[in-house]
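What follows is the residue order along each chain.
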Amino acid sequence: MSKWLELPTGDRVGPDDVFLYNGYPYRLVWLDHEKYDFELSPLYWGDSGMDIPFQDREALVDQWGTDSRGLLTDEEWAGWIEDAREDDRFGEQEVAELARELPGDRAAGADTSDGGGGGLRDILGL
């Protein structure tokens, strides 16, 4: 049985969902920790020391910024990738990997056996 977290937007997310938090795509990671209930792991930089731990949902609500939107549609993620390509804060490799990982046509049954991965790379014709 999956455990869900309700984001301040009302979206319910689990560990497999990707959502926009403070302008970057993240996933939820449940923790077995005495102080923190969960952390948000940046999609590209996860497990690199950049994960953000939260004591509880209220702590997340307190830190939910104006650049946080929760779950996005495939088209919104495609727009985010296009914007990221023009943003000097993101490297080419990072954007390419994010495009492979973000939700997209993979959910619609795209063939990913060739390593192309489906997702936004295919939507964007990359």
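This text goes with the structure placed above it.
Because the structure is a prediction, the values reported are computed rather than measured.

What counts as what
- Residues numbered from 1 in each chain as written.
- Predicted model: local features only at pLDDT ≥ 70, side-chain atom pairs only at ≥ 80, totals over all residues.
- Heavy atoms only, no water.
- Phe/Tyr/Trp six-rings, centres within 6.5 Å; stacked < 30°, edge-to-face > 60°.
- Helix = DSSP H or I, 4+ residues; strand = E, 2+ residues; numbered from the N terminus.
- Buried < 20%, exposed > 50% of the residue type's maximum accessible area, 1.4 Å probe, protein only.

### Re the packing of aromatic side chains
At step 1: Tallied over the entire structure, the rule returns 11 aromatic pairs.
At step 2: Ring centres 6.0 Å apart and planes at 85° place the aromatic pair Y24 and W80 in the edge-to-face group. Here Y24, found in strand β4 (residues 24–30), pairs with W80, found in helix α2 (residues 74–85); they are 56 residues apart in sequence, far enough to count as distant. The pair formed by Y24 and W80 is uniform in burial state, with each residue classed as buried.
At step 3: Relative to F54, the ring of F38 has its centre 5.4 Å away and its plane inclined at 20°; by these criteria the two rings are stacked. Linking F38 in strand β5 (residues 38–42) with F54 in strand β6 (residues 52–54), this pair joins segments that are 16 residues apart in sequence. You'll find F38 and F54 in the same group, each marked buried.
At step 4: Among the aromatic residues, those joined into a cluster by ring pairs are Y21, Y24, Y26, W30, F38, F54, W64, W77, W80 and F90.

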